[in-house]
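Single-letter residue listing:
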Amino acid sequence: MDWISTLLQAPTTSIFWQLVASGVAVGMIYATIAFGYQLTFATSKTLNFGQGEALMLGAMLGLTLLPYLGYWLMLPVILIFGMAQGAVVERLGVRPAIETKSEFGWIMATIALGIIFRNMAENIWGRDDLKFPSPLPETAIELGTVRILPAEIMVVVGALLMMAAVETFNRRSIYGKAFVATSNDIDAAGLMGIDTRRVITMSYAMSSMTAAFAGVLVAPVTLTGATMGAVLALKAFAVAIIGGLDSALGAIVGGILLGVIETLTGYYVSTGYKDVPGLILVLIVLAIRPAGLFGRRTIKKV
Amino acid sequence: MARALPFIGAGLLAIGLFAFPFLAGQNSYYIHLVQMMAIYAILILGLDIVVGYTGQVSLGHAGLFGIGAYGAAVIFHHFGMGVWPGLLVGVIVTGIFGAVLAVPALRVIGPYLAMVTLAFGTIIQIVINEWTGLTNGPLGVTLPPPRVVDFADWRSFWQSTLGLKAAEFQRLEFYYLCVLLMLVAILVVNRVVRSQYGRAFEALRDSPIACDCMGVSVYRYKVYAFVVSAALAGLAGALFSWSERYVSPNTYNFELSILFLLAVILGGRKSRAGPLIGAFIIVYLPNVLSDIELVRIMAGMIAAAALVALGIIALRSREKLVRALPPVILCLAFLPLTLNVNNVTDYRLTIFGLMILFVVFYLPDGVMGFLREVFPVLKPRHVTAAQPAVASAIFADRGLADAKTLLRVESVVMQFGGLKALDSVKLAIAPGTIHGLIGPNGSGKSTMMNVLTGIYRPTAGAVYLSQHRIDGLTPSEIAGKGIARTFQNVQLFGEMTAIENVLVGLHHTFRSTLMDAVLRTPRRAREEAEARARAMAILDFMGLGQFAGTEARNLPYGKQRMLEIARALALDPSLLLLDEPAAGLSAPDIAELVEIIRKIRGHGITLILIEHHMDVVMGLCDTVSVLDFGQKIAEGPPAKVQNDPRVIEAYLGGTVAEAAE
Amino acid sequence: MLKVQDLKAGYGRVEVLHGLSFHVPKGELVTLIGSNGAGKTTTLRAISGMLRPQSGAILLGDADIAGLPSHQVARRGLAHSPEGRRIFPSLSVEDNLRLGAFVRLTGVREKGDVEADFDRMYDLFPRLKERRAQQAGTLSGGEQQMLAMGRALMSRPEILLLDEPSMGLAPRLVEGVFDTIRRLKEEHVTMLLVEQFAAMALDVADHAYVLENGRIRFQGAAKSLRNDPAVRSAYLGGH
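All of these numbers come straight from a predicted model, not from anything done at the bench.

## Notes on the interface of chain B and chain C
Then, number 1: Taken residue by residue, the interface counts 30 residues in chain B and 25 residues in chain C.
Then, number 2: Both faces combined, the contact of chain B with chain C buries some 2200 Å², and carbon together with sulfur accounts for 57% of it.
Then, number 3: Looking at the side of chain B facing chain C, the largest losses of area belong to N441, Y651 and L652 of chain B, adding up to 26% of the total buried there.
Then, number 4: On the surface where chain B and chain C come into contact, there are 0 salt bridges.
Then, number 5: Applying the counting criterion to the chain B and chain C interface returns 1 residue pair in polar contact (both at pLDDT 80 or more).
Then, number 6: Elements with a minimum of two residues in the side of chain B that touches chain C: α23 (557–570), α25 (614–620), α27 (645–652) and α28 (654–660) of chain B.
Then, number 7: The greatest single-element share of the side of chain B that touches chain C, amounting to 6 residues, is contributed by α27 of chain B.
Then, number 8: Of the residues in the side of chain B that touches chain C, the class split is 15 nonpolar, 11 polar and 4 charged.

## Topic: the nonpolar core
Then, number 1: Formed by 367 residues in total, the largest nonpolar core has its most connected members in Y40 and L407 of chain B.
Then, number 2: Examining the composition of this core, we find that 18 residues originate from one element, helix α2 (residues 28–53) of chain B, more than from any other.
Then, number 3: Setting aside residues no more than four positions away along its own chain, L407 of chain B makes contact with L427, A428, I429, L452, V463, Y464, L465, I470, I483, L575 and I608 of chain B.
Then, number 4: One finds A9, A46, L192 and L211 of chain C within the second-largest nonpolar core, a separate group that totals 27 residues.

## Digging into the domain arrangement of chain B
All names here are of chain B.
Then, number 1: One can read the domain layout of chain B as domain 1 (34–146 + 182–285), domain 2 (403–482 + 573–661) and domain 3 (490–572).
Then, number 2: If you average the C-alpha positions of domain 2 and of domain 3, the two centres end up 27 Å apart.
Then, number 3: Listed per partner, the contact involves 19 residues of domain 2 and 12 residues of domain 3.
Then, number 4: For the pair domain 2 and domain 3, the summed buried surface comes to about 1300 Å²; carbon and sulfur atoms form 72% of the total.
Then, number 5: Among the residues of domain 2 in contact with domain 3, P573, E592 and I596 are the three that bury the most area, contributing 32% of the side total.
Then, number 6: Where the side of domain 2 that touches domain 3 is concerned, the elements lending two or more residues are β9 (575–579) and α24 (587–602).
Then, number 7: Broken down by element, the side of domain 2 that touches domain 3 gets its largest block of residues, 6 residues, from α24.
Then, number 8: Of the residues in the side of domain 2 that touches domain 3, the class split is 11 nonpolar, 3 polar and 5 charged.

## Brief notes about the pairing of β9 of chain B
Residues and elements named next belong to chain B.
Then, number 1: For β9, the tally of buried residues reaches 5 of 5 residues, placing the bulk of the element in the interior.
Then, number 2: Here β9 shows a buried face lined by L575, L577 and D579 and a second buried face lined by L576 and L578.
Then, number 3: The pairing of strand β8 (residues 483–485) with β9 spans 3 bridges and is parallel. Across the sheet, residue I483 finds its bridge partner in β9, namely L575.
Then, number 4: When β9 meets strand β10 (residues 606–610), the two strands line up parallel, connected through 5 bridges. Pairing of D579 across the sheet is with I610, part of β10.
Then, number 5: On the question of chirality, the crossover connecting β9 to the parallel β10 by way of α24 is right-handed.

## Looking at the sheet that holds β8 of chain B
Residue and element names in this part refer to chain B.
Then, number 1: The strand order β8-β9-β10-β5-β11-β12 describes an open sheet built from 6 strands, whose pairing is mixed. The open sheet has two edge strands, β8 and β12 (631–636), and neither has a second partner. Averaged over all pairs of adjacent strands, the angle between their axes in this sheet comes to 20°, without regard to strand direction.
Then, number 2: Against the sheet, helix α18 (residues 445–452) touches β5 (434–438), β8, β9, β10 and β11 (623–628), its axis set at about 145° to β9.
Then, number 3: Along the sheet, α24 contacts β5, β9 and β10; its crossing angle with β10, the most-contacted strand, is approximately 150°.

## Considerations on the interface of chain A and chain B
Then, number 1: On the chain B side, the residues contacting the 46 residues of chain A number 43 residues.
Then, number 2: With both chains or domains summed, chain A and chain B bury close to 4000 Å², and 79% of this area falls on carbon and sulfur atoms.
Then, number 3: Put simply, chain A and chain B have 2 salt bridges between them.
Then, number 4: Measuring nitrogen to oxygen at the nearest pair gives 3.9 Å for the salt bridge that ties D346 of chain B to R127 of chain A.
Then, number 5: Seen at the junction of chain A and chain B, the total is 4 residue pairs in polar contact (both at pLDDT 80 or more).
Then, number 6: Counting only elements with at least two residues in the side of chain A that touches chain B, the list comes to α2 (11–44), α4 (71–99), α5 (103–125), α10 (228–243) and α12 (276–288) of chain A.
Then, number 7: At 16 residues, α5 of chain A tops the list of elements feeding residues into the side of chain A that touches chain B.
Then, number 8: Here the residues of the side of chain A that touches chain B sort into 33 nonpolar, 6 polar and 7 charged.

## Regarding the packing of α5 of chain A against helix α16 (residues 348–362) of chain B
Then, number 1: Contact geometry of α5 of chain A with α16 of chain B gives a least axis separation of 8 Å together with a crossing angle of 160°. Considered as vectors, α5 of chain A and α16 of chain B are oriented roughly antiparallel to each other. Seen along the crossing, α5 of chain A lies across α16 of chain B with a hand that is left-handed. Residue-level contacts link G105, M108, A109, A112, L113, I115, I116, N119 and M120 of chain A of α5 of chain A to R348, L349, T350, G353, L354, I356, L357, V360 and F361 of chain B of α16 of chain B.
Then, number 2: Grouping the amino acids of the contact of α5 of chain A with α16 of chain B by side-chain chemistry returns 13 nonpolar, 4 polar and 1 charged.

## Some thoughts on the packing of helix α4 (residues 83–107) of chain B against helix α5 (residues 110–130) of chain B
All names here are of chain B.
Then, number 1: Between α4 and α5, the shortest axis-to-axis distance is 10 Å and the interhelical angle comes to 140°. By the angle class used here, α4 and α5 are oblique. Handedness of the α4/α5 crossing: right-handed. On α5, the residues that touch F97, L101, P104 and A105 of α4 are L113, V116, T117, F120 and I124.
Then, number 2: Each residue belonging to the contact of α4 with α5 can be placed in one class, and the counts come to 8 nonpolar, 1 polar and no charged.

## As for the pattern of salt bridges
Residues and elements named next belong to chain B.
Then, number 1: On inspection of all chains with the given rule, the structure shows 51 salt bridges over all chains.
Then, number 2: Across the pair R534 and D572 runs a salt bridge whose closest N-O atoms are separated by 3.6 Å. Taken as a pair, R534 in helix α22 (residues 522–541) and D572 in the loop between α23 and β9 lie far apart in primary sequence, 38 residues in all.
Then, number 3: Across the salt bridge formed by E635 and K632, the nearest N and O atoms sit 3.2 Å from each other.
Then, number 4: One network of salt bridges, with partners in common, ties together E202, R205, D206, R269, K270, D365 and E495.

## Remarks on the pairing of β12 of chain B
Then, number 1: Bridge count for β11 of chain B against β12 of chain B is 5 bridges, and the pairing is antiparallel. Of the residues in β12 of chain B, the one forming a bridge with V626 of chain B is A634 of chain B.

## Focus on the packing of aromatic side chains
Where two aromatic rings form a pair, the distance of their centres and the angle of their planes describe that pair.
Residues and elements named next belong to chain A.
Then, number 1: One pass over the structure, following the stated rule, counts 28 aromatic pairs over all chains.
Then, number 2: Ring centres 5.9 Å apart and planes at 90° place the aromatic pair Y37 and F237 in the edge-to-face group. Taken as a pair, Y37 in helix α2 and F237 in helix α10 lie far apart in primary sequence, 200 residues in all.
Then, number 3: Taking relative accessible area as the criterion, Y37 reaches 1% and is therefore assigned buried.

Parameters at a glance
- Residues numbered from 1 in each chain as written.
- Chains lettered and ligands numbered in written order.
- Predicted model: local features only at pLDDT ≥ 70, side-chain atom pairs only at ≥ 80, totals over all residues.
- Heavy atoms only, no water.
- Contact = heavy atoms within 4.5 Å.
- Buried area = accessible area lost by both parts, 1.4 Å probe.
- Salt bridge = Lys/Arg side-chain N within 4 Å of Asp/Glu carboxyl O.
- Polar contact = N/O pair within 3.5 Å; in protein donor to acceptor, adjacent residues only side chain to side chain.
- Helix = DSSP H or I, 4+ residues; strand = E, 2+ residues; numbered from the N terminus.
- Nonpolar A, V, L, I, M, F, W, Y, C, P; charged D, E, K, R; others polar.
- Core = buried A, V, L, I, M, F, W, Y, C linked by side-chain atoms within 4.5 Å.
- Buried < 20%, exposed > 50% of the residue type's maximum accessible area, 1.4 Å probe, protein only.
- Domains from an automatic or database assignment.
- Pairing = 2+ DSSP bridges.
- Right-handed = clockwise from strand over helix to strand, strands pointing away.
- Axes fitted to C-alpha atoms, helices over the stretch in contact; angles between N-to-C directions.
- Parallel < 35°, antiparallel > 145°, perpendicular 65-115°, else oblique.
- Left-handed = near helix turned anticlockwise from the far one by under 90°.
- Phe/Tyr/Trp six-rings, centres within 6.5 Å; stacked < 30°, edge-to-face > 60°.

Laid out in structure tokens, this is it:
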């Protein structure tokens, strides 16, 4: 185990752990968005291809409301806004497609809604990236040789809290259980008197809510702009695939894995290529194990 | 008349495009516009193969387009090579990338494929941006005016004949190249989609599992579709870079992919005219949008048209009125929107987004689909066959095999988690017989069917077809060895006609290649004619002759069941598996089915029959095997099995069996 | 209680039920029997709204429930224990039962004492009590069947639809299921039972309808059909 201690002591290693730390923070954002994908996939086997725009809208609206409400009062408003936005996407784009059983329909419709939201945001807030002030001090905290920004810690804590809150809701309340029941077996859930269409709408609302929240969390760490969501959402899909579309733990593990690989690539290879490993990971994982690394394999039925 | 329509249309199009520069008075703006339409149309024709024919969403076509564009630009940048090598490199390199993209795309469908292609497109964009040594990075590459024909003599000849100046000629020679290649692309795509390749693409879209079981490997044909589609995207890309004379990484982004998809679905899937309409709209629309007055006039016209449509619908039916309201409101909303906004160009993407929503939900077959509804003469003709082959040519004259068993199942176990769906089942099927397979729900009959056709790989045991071991082979390999099947829930290729369904089954009779299809060689023409005659004979044999040109999804249910058997027979099987062929049939249909099954056996084909209609089973089968809880509990002649107490118990439960003794 | 009139239903273009009429009086146990593919399950699915009937009326009490989505049918007091049990595999046994009482816990139907009903279910199915915290997906087939029945009963339904409770169970377990059905009958639960095992169904039922190819072939008091050879021929052919 000598090499570990050398690694820890060498001057370059503090950079290494530094990168790991910020990789974890970015990874938790991926995990949160991926978690949002899982919510809608569980209930309706559909995904919002405009998930990145839900995130972006959360961040942009948060930035706008910040001067009026302050950070902590802005948060609940953003959460409610996110829910409303998700419900709109479901009603306009997904439900008509589910009713006609058109997979092509919901894919195209959520993409279309996504670019509409993005274009709207460009026209409202402009095309330039903006700075999102962090509610926490900007000075880094030193942990040994590793310096971590308070905003990064908040990303990790906030993301975990959000996921824990949704999971608790699902496990404790009867409505949350109805949600799980719907994702287990939608027909049987209907027989219990559960309005499964409303559950699907709710799953979109919750999914966009987590994305909007992730947007507010990530905004101080990155820049805020109309196009901020697109690549994040794509890489979060990679995470959802790696972690499997049915496992929250898988999303966290996958998110951290990707986040760390990315920051390391960005530093040791080139910043320009930092998005590439995640995308290649999507291609490889889907080519080898379509159900994801943690996902359950399903039996093909004829 | 209707037969000649496509030719007349193509002729008019060709003449119009060739005459256009002169009609447009050499106006370079309009010539360039049409040139762009031609370039986009080439890509969209290719994209339609993936979207319309194989039914998959590709968000990576902007990436493929970019590869083609950079292929041409890079070999100019580094080696000074001109248009022709550029086109060649663009097509070949992009075709290879298409095959690369197809690898992950093979195993996934729907949303996964959309994401895979999106990831692919994003990677391409990043690599173009970052690999400065090759692509010159964000600075892009500038190209000189394209030279298509480099023979001075030719040039002076054309110049003197047409009276053009040198610069004008240079501009026009590239225009004509683009237009010509677009016409070639139309021809190529037309020929490919009407060949056995096109049929395979559609088959794997409508039912991948049935496609595999017809011996047409879903994997292989997905790759073909992607390669053809990518090659066309590469061609368009190479033309694009010489047309714009400048390439830079940011052009080939997600929005462009969306635009291409919009063009395909707006124009109308599965047609040649659709991509042209789509290309026209996506090229021309931005020009419209830059003129606010024009936009307002158009919005006014759309609103007026929507109101008229609403009025007509309101007169016809109340129920439809409610369903028509959202799109009409959408159309009406455009007008105040345009009146309030001064710069519509900024809202370009919103307008594209709204158009996608509108098309997806209210115009799923695009403009062409709409036109075909209004003017039925535009509907594609369904070619049937002139003369059916003689009945004896339908089946190979196999006689009865010498061996005592055609199919031997040795102690097959199929385990799903803790459940043993098949528990050491042994079967021996004698050639030329009808072997019934019965049992209560969940007893393992369908699992057996799936094991025999390679959809499941058995956990243990072995399956032999006349001495050859077949378990572990893929469904399409097993189909190639002569086992055909039908499905419990009918798995036809719904959007294809009856004869095309049978032709997919006859796929194994084709030896011609993709090149044969493109060049329409005599070999291919002969094979196609033979296959069509044989398909027609099979349809006649099944009593479906009159339905040859009807789309499978529009057939009555009983006929659909028959067509599935017809398609299976086209494989020329030695063993035919029928999975509940009588389910859902009316009494006269069942009588017809029984007759046909007898006729099939009469031609020396061995059958395995799963059926719940006991009269059918008892009347037809030579031997019946009974499964219960995944185990074989009885086997023998029907009458004996019918009175076997274990069978009665399995079906009715313990006590009635005793009561009936 | 439940009255079905000229019910036609099917999947896509296929009509499976060609006009069924039957009724289930309050407090009685009626059974639909018939061979595979006769349309028994389709009938139950059409009644509970899992499948939209093509035509016909389904009267629950006085209201026509034909065409209502299944959650609304459930809210009117009809419980359906579907074919293949369809328990929620990732939830615990107790949560499965609790979801059975969803309509009561969310105030759609009278709440009553849900906790007492848990005890009642555990009394009816002691095995479930032992496994109350276990994930339902890990239960054995017989236990899953108990859970499916318990879950349906938790809504305190006006009528209970049971679809092939014996399917895939070993004979010993089938006995247990039918013992439970007998017990429920003593408690005057109105039931419509679909069974492939005609003998046992006829043993417990008051009245029976024999289905063949989507039509009712004959009906009568369950006792009188017990020894009718026509029942056997409906299953194994040869009439």
